[in-house]
Amino acid sequence: MKNKKLLIIFIFIFLFKIVSSSELKLGEIEVSNTNFLVDASVIDSQISYEIDNSLKKPKLTITSVKGEVDNIDDIVRVSNDKSSITFSDYTTSLSSGYKLNYYNNFQFISSLTVIGFLSFFLFSNNRNFGGKSNLILFFSITIYIFIGVSNSVNLSDLSVRIEIKSPSTFKFNSLQLKLGSGSSNIIGLLSNSLIINSCSDIKDHQVTLSQLSIESNLNICSTKNITIKSLQLLSSNVSITLNTKSNVNLNFYNGYNGLININSKNLNIEGGGCEIKNNGLISNGTCGTGVKTTRLEVIANDEVLLSNVQVLCKVDSTWRPIPASSNSPTSPPISNSQAQVEYKYDQSNLVFMAQSGYSSNSITDGPASISNSFTVNYVASAPVSNWLVSKTPTPSLKANTNYQFSFSFKLGEPLNKNNVFGNMSLYLYNPTHIKDPNGSSQNFKSSPYEPLFFKTFTGDFTSSSDFITTTISVTPSVDIGISVLAFQMNRTTKSASTPSMVFFKDMKFIIPSKTITTPSKLITKDSELINIPKPPISLDPIDHSTCPYLSGDLVHWHDPTIWENQVIPLPSSIITIPNGKKVLISPCSISQTEIYKKIIIPPTSELIFADSDLTMNIQDIYVQGKFIMGSKTCRYNANINLIFHGSKTLNNTISDFYGSKGIAVDAHGFISVQGKQYHYTWTRLAATAWSGDRVIYIMDNVNWEVGQQVLITTSIFQDDIDNQNEVLTIAAIQGKQIEFTEPIKFYHYGGQEYQAEVALLSRRIVFRGDGDSEADKNSFGAHVLVVGEGQFAGIQLIRMGQTNLKARYPIHYHLAGTVKNSFISDCSVTNSYYRCYTIHGTNNVTLTNNVAFDVRGHCYYLEDGVEMDNTLSFNLAAYIHVIGSGARGNNQKGQDFVESDSLRQPADSAASGFYITCPWNSLIGNSASGGWAGFSFPNLPKPIGNHRNVPIVPSQYPLKQFEGNTAHSSGSIFTANGASIYVGGNLVFNEVDGLLYYSSGRYARSTYFNGTEADGNEEWMRFNNTKIYLSNRGVSHWGERVECVYLESYDSLRPASLFGQAWLSNAIINGRSGNIVGQGFDLLYTRQGFQFYDTNVQTILSNIIFRNYIHFQGAEDPEEDNCIFIGMTHSDMYKEQGMSAIINVTIEGTDSSQFIGHRIIDTGSSRYFNFIDYDGSIFSTPKGTPKVIGSHEQWWNYDSTCKYHAEWLVWVCDRGTHEISTLYILIPGLIDSDNLMDQVIPVGNMSLFGGGVTDFRGTVVTRNPGVTGISSSSNCGSTGGSCGVGWYFYLTGGSPTYMKIWVGQVVYGQHIFLAIPYPQFTTFNISCDLKGTKLYNKNYTLGSSAADVRSGDGSKYYFDGTHLFIKVVNFANKGGNNESFNRGGAKIYNQLKYYFLHITANNIVTPPTKLINGYFTGLPYSLPSSTL
């Protein structure tokens, strides 16, 4: 027990020793004396000096980092006047002096007390505690601890950190440092004199100084390297003495003018400006001009490097650096031949597949001494066949062109019966025809599909000592855009009973060399039908006399006299431009390597950059005055780089509300950054580019330059899954021909239908985030925020934006109101962490000719729903990424999202190229490639953010202008209803929890003039001259009114999905273009020309050419086939009315079997599928006779002109004087509009009678209301022959005592002759009314016959003892234009809500099952006379 207690006590002692040896802050002192000495020559010290503008005076802090010291007074003394601080062993000293504030005595006392009490507690629980030996032991341990921690300072084991922090305006008269071992890092010191002595022969001390300002004397002695960066001399009479046993690296801020005396083995002076004579190790001379009273003395054992010695920046007010030239680098000629291109395969891009015996180690690195090699490892008794399948696409291949596949092979063991390879095979598969090589499974035997290419070959596969090369030719018979390479290895037997291996090296697919010839036919017109506007051809006018840097009232940044204390501010300080000054920055004015902390431009000041190459590293810039880097009439030609630094923070280091790491322009500030204009900023391919090509042809002349980076956008649909956008570097450029330094990897289409965009990413002025690992990990780039006026042109912004931080976007107008002279032109945003160009609470901004690529979240972003009268023209957005998993969904509802830290704007789950919260803006000539959608118009019932109390409804505004825009390669994430142009989704602010909520699915909008809902104020969302390709739904519009006029759609699932009153006119809709990677893989290939909706819309298609709809053998039903016209037949709740018409339609390149794809299914929407061929342009032979197309049911066989088309499964009839009409028969408890049912529950039928009909031509009536069919002219006379058929309504459960008929769609001049069976002696009360008015209330009267009823005005009924006859008309319809939707020469009639016909039946002879809501049962099905 005693030993145990002793052990515990000594553990306490050990832990205390560890604590006492850890880093401790010992004390601090405020330095008020401008003459200050630090003597740390007897200890190891880490000296730091840095700027801290939160202080008024310097503060010195001492921290123990090594060794044991508990009381600062044991090692430090401060002089009474606080002019010096000295380190030594003062444990036995009685000397006096000023004492520092210290921190660790409490820790010491606490630790001692805890140990004492614990020890006492242990002994007190021992019954023998009273023993003398234990008591002596207790006091001995306590005394030992006290003595051990209190009276042992070993200076040789001690290391301290001495931190001096000072405001940037504090100037020492003299600072002396006497140092032993360690290091010094002094940044931003301002002093008349600095003396550092660390020349001990025993201890080494490394000295590094930066941003040092000295007025009289600099004296440094060190045994190690002396490094001084950006030494600023504040007078012309400074003495500099540097003495070291190692190297000196001395960099001046703005040159050196004085004497030089150097003693070193090697002297190197960068930049010239000195006259030096060498005499052995001695170098003497002068630098600069004029009187030389400054003296530099250097003694160094090794090398001396002097840099920036020449005075480049003069302070004369008329001096300016030489401006940059606008001339482009001379381009070499375009090559006339192209070398072969090799696509290599190895363990990084191959996966091993087989029936068994596979693992993640089946392919490993090859022998260490063999480059470009890999090993295939076989388990014991592996199957006879295995595959090596490429995880990356095979290059695109032209038909009948000879390519090569090559590899070198060696056995891992000598040839034996178990490693004989009889042959090998090369396959190229459609990607959907082979197991996904990037998936989780390696199990694969063979594909059931025919390959695009295959070749089996033999070779010498017998050597185990040498690699033997095999090369085969690959000549495909068809063009191959995308394929998966599968290499099959076939042995004659299973592998050995023990593991074995084989080796490959230099496996590659080879595109042969070729002569470069210009294609015989280049595309010169981007579209066949529509007009896509382009920006003006000419460059903006330039007048160099207006250049800001030429102004005569400028002062130089590098002129000390303009600054406080006559000292040029240090990068580490917060720099405020002098009030009322226009300060010019030149390249030599600033350090181009140091990071400037913050620059403030006051309201009366301006910061103007010279037009000269410059790099500035900066954290924050706050503009209250003006920030000028070029102007509208003086575009800068210099390569100017602003690199913004800073780790992720939520602090507002720029200013309140303005965040960190970027530029903020206050409400009254102004910024102009305008670099060289490159025009066009983007164009389109004039010919298709294939894998391996180095030369492309574009449609427009451009002034791009050698060395710049160019983007070619994707030519595939699923941009979010397979990134085939390419960034390449220009090697040569001549006119419309560009050669790149590297070959193109993917196929990029440039045909007449559409062309991949080609965009310039590079600019001469670049703003970029630092992109260090921490900033990149946290997606924390730089940002530019403008609350005042801002003009930006010719800038590239790289790694900008701060993910999920609102108002921290690459370039951003923020709550600026209506601006007068603000624009962003010909800029590029690349690799953005959050958006590209943002307009927030700002109106009248122009965004034009800009490019954005690889952007997270919405790109061109109108934020709150109040932004109006802005113009977005000729911009490109490409490769846009959703934040999170993306808004998906397999139905119209989409998916719901709520604001969170990981999704600050929940609509970023549906990130789009152009995100327009209020449509009253102009979008002209833009293009969007990729994204959840290309153009997104979400519904905002109220503004959000800072404007949520503004009393408008953003979604009620129509488009101000949407002209000549293009979108492609989008809409694939939301498989059910995604689109390249998407009008839908809903974004709201929840007042309860203060969060944003977004739903991506179906939300309708009504649009009105000026956004004001009122009768007669209705406006249509109009899309003009629009091109869509490689899209899901093309244009998807959940709304009440839309017009899409002049449209070209190619290779899209459907060109448009249009709700409400919709007009699609003047269009080319092409199901299959010449793009071999746009045709779709056959397991995914399904495209339709147009899908008519199933209820409550009105759709007119006019002047449309449909092309190239090819039968898809894999279609599960006709609606999935590649047909031109299909319906929506999935539901019995939602049923068609007369709501679809086509006029002047042409079909090309399509077999007639693909004209209509009607699915027969037991639903109302399948039974009532219909549309009108208004002029018979498709379904009339000869053309010219209007036709009604009705579903498969005999219900649509209404006269002798009707013909059933088995290939379409529909009836086609002459329209004649008929219209399509809809009745909703409502019977309480049986057919109820308030209780729609998913189930199809038949309750009877509706069938045709009269007009010579004697057979059953009917349709099922279900518990869901609504029957659509043919109505007849009300002026047809009294005979059925000219009036056509009537409708016979029969319920299997009997006719009701009461029914209400909503006469939803019986148009003016038309009627439905309705017959209903009832028992003899039944009497009726029949009336009609229109809810909300008494104008149309009528009580029907009994007519003399059925013929009397039919020839009447619709206010009579007749009962012949078997059938009740009613002529159903809608008295509220007057034939006005407001009763129909008219476009393109076609007309769709409206439904009239709330016009009802009421029928009450009574019979005392044959009573119903009950008087109220009862039925007359047992009624036979008896079709009225065929002559009626």
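Above this note sits the structure.
Every value quoted in this text rests on a predicted model; they were computed, and no experiment measured them.

Visitor: Please set out the sheet that holds strand S45 (residues 682–684) residue by residue, giving values where relevant.
Guide: In spatial order, the strands read S45-S50-S47-S48-S49-S46; together these six strands make up an open sheet with antiparallel pairing. The two strands at the open ends of the sheet, each matched to only one other strand, are S45 and strand S46 (695–697). Each strand of the sheet is rotated relative to its neighbour by a mean of 40°, with strand direction disregarded. Pairing between strand S47 (residues 709–712) and strand S48 (residues 726–734): four bridges, direction antiparallel. If you follow Gln-709 over to S48, its bridge partner there is Thr-729.

Visitor: Can you tell me about the sheet that holds strand S80 (residues 1125–1126), naming the residues and giving the values?
Guide: Strands sit in the order S78-S80-S82 across an open sheet of three strands; the sheet is parallel. Whereas interior strands pair on both sides, the edge strands pair on one side only; in this sheet they are strand S78 (1090–1091) and strand S82 (1156–1157). Bridge analysis of S78 against S80 gives two bridges, and the strand direction is parallel. Note that in S80 the partner of Phe-1090 across the bridge is Phe-1125.

Visitor: Tell me about the nonpolar core, and name the residues and values.
Guide: With 144 residues, the main nonpolar core has Trp-557, Phe-627 and Phe-767 as its most contacted residues. In terms of residue count, the dominant contributor to this core is strand S40 (residues 614–623) (five residues). With 64 residues, the next largest nonpolar core counts Trp-1287, Tyr-1336, Val-1368 and Phe-1416 among its residues.

Visitor: Summarise a negative patch on the surface; cite the residues concerned and give the values.
Guide: Taken together, the side chains of Glu-1013, Asp-1015, Glu-1018 and Glu-1019 make up a negatively charged region of the molecular surface. With respect to the helices, strands and loops of the structure, Glu-1019 is situated in the loop between strand S72 (995–999) and strand S73 (1021–1031).

Visitor: Quick rundown of the state of the cysteines? Include the residues and the values.
Guide: Chemically, a disulfide is nothing more than a covalent bond linking the sulfur atoms of two cysteines. In this structure the tally under the stated criterion is six disulfides. Two residues, Cys-547 and Cys-634, share a disulfide whose sulfurs are 2.0 Å apart. Residues Cys-547 and Cys-634 are joined by a disulfide whose S-S torsion is about 90°; by sign, that bridge is right-handed. Residue Cys-547 is located in the loop between strand S34 (514–515) and strand S35 (554–556), and its partner Cys-634 is located in the loop between strand S41 (626–629) and strand S42 (640–644); the two are separated by 87 residues in the primary sequence. Neither Cys-547 nor Cys-634 differs from the other in exposure class; each is buried. A sulfur-sulfur separation of 2.0 Å characterises the disulfide bridge that pairs Cys-1202 with Cys-1213. The sign of the S-S torsion, about 115°, decides the handedness of the disulfide formed by Cys-1202 and Cys-1213: right-handed. Of the two residues, Cys-1202 is situated in the loop between strand S84 (1187–1190) and strand S85 (1203–1205) and Cys-1213 in strand S86 (residues 1210–1214); the sequence distance between them amounts to 11 residues.

Visitor: Would you mind going over a nonpolar patch on the surface in detail, with residue names and values included?
Guide: Together, Phe-1321, Ile-1404 and Val-1405 make up a nonpolar patch on the protein surface, roughly 370 Å² of accessible area in all. Mapped onto the elements, Val-1405 comes out in the loop between strand S102 (1395–1402) and strand S103 (1415–1416).

Visitor: Account for the packing of aromatic side chains, naming residues and giving values.
Guide: This structure, assessed with the given rule, holds 73 aromatic pairs. Aromatic side chains Tyr-427 and Tyr-429 sit 5.6 Å apart centroid to centroid with 0° between the ring planes, which places their arrangement in the stacked category. Under the relative-accessibility criterion, Tyr-427 is labelled buried at 15%. Judged by its relative accessible area of 3%, Tyr-429 is buried. Ring geometry for Phe-914 against Phe-935: centres 4.7 Å apart, planes inclined by 10°, an arrangement best described as stacked. Separated by 21 residues along the polypeptide, Phe-914 in strand S65 (residues 912–916) and Phe-935 in strand S68 (residues 933–939) bring together distant segments of the chain. Phe-935 shares its class with Phe-914; the two are buried. The rings of Phe-374, Phe-405, Phe-407, Phe-409, Phe-421, Phe-457, Phe-461, Phe-487 and Phe-504 are connected pair by pair, giving a single aromatic cluster. Taking the ring centre of Tyr-1008 as reference, the NZ or CZ of Arg-1041 above it sits at 5.2 Å.

Visitor: With reference to specific residues and values, describe the pattern of salt bridges.
Guide: Per the counting criterion, the structure on display carries 34 salt bridges. Taking the shortest distance from any N to any O, the salt bridge between Asp-901 and Arg-904 comes out at 2.3 Å. Looking at Asp-901, the relative accessible area reads 65%, which means it is exposed. Each of Lys-806, Glu-899, Asp-901 and Arg-904 takes part in a single network of salt bridges with overlapping partners.

Rules behind the numbers
Residues numbered from 1 in each chain as written. Predicted model: local features only at pLDDT ≥ 70, side-chain atom pairs only at ≥ 80, totals over all residues. Heavy atoms only, no water. Pairing = 2+ DSSP bridges. Helix = DSSP H or I, 4+ residues; strand = E, 2+ residues; numbered from the N terminus. Axes fitted to C-alpha atoms, helices over the stretch in contact; angles between N-to-C directions. Core = buried A, V, L, I, M, F, W, Y, C linked by side-chain atoms within 4.5 Å. Buried < 20%, exposed > 50% of the residue type's maximum accessible area, 1.4 Å probe, protein only. Patch = residues over 30% accessible without salt bridge, like charges linked within 9 Å, V, L, I, M, F, W, Y side chains within 5 Å. Areas by Shrake-Rupley, 256 points an atom, 1.4 Å probe, with all protein chains shown as cover. Salt bridge = Lys/Arg side-chain N within 4 Å of Asp/Glu carboxyl O. Lys, Arg positive; Asp, Glu negative; His and termini not counted. Charge placed at Lys NZ, Arg CZ, Asp CG, Glu CD. Disulfide = S-S within 2.5 Å. Phe/Tyr/Trp six-rings, centres within 6.5 Å; stacked < 30°, edge-to-face > 60°. Lys NZ or Arg CZ within 6 Å of the ring centre and 35° of its normal.

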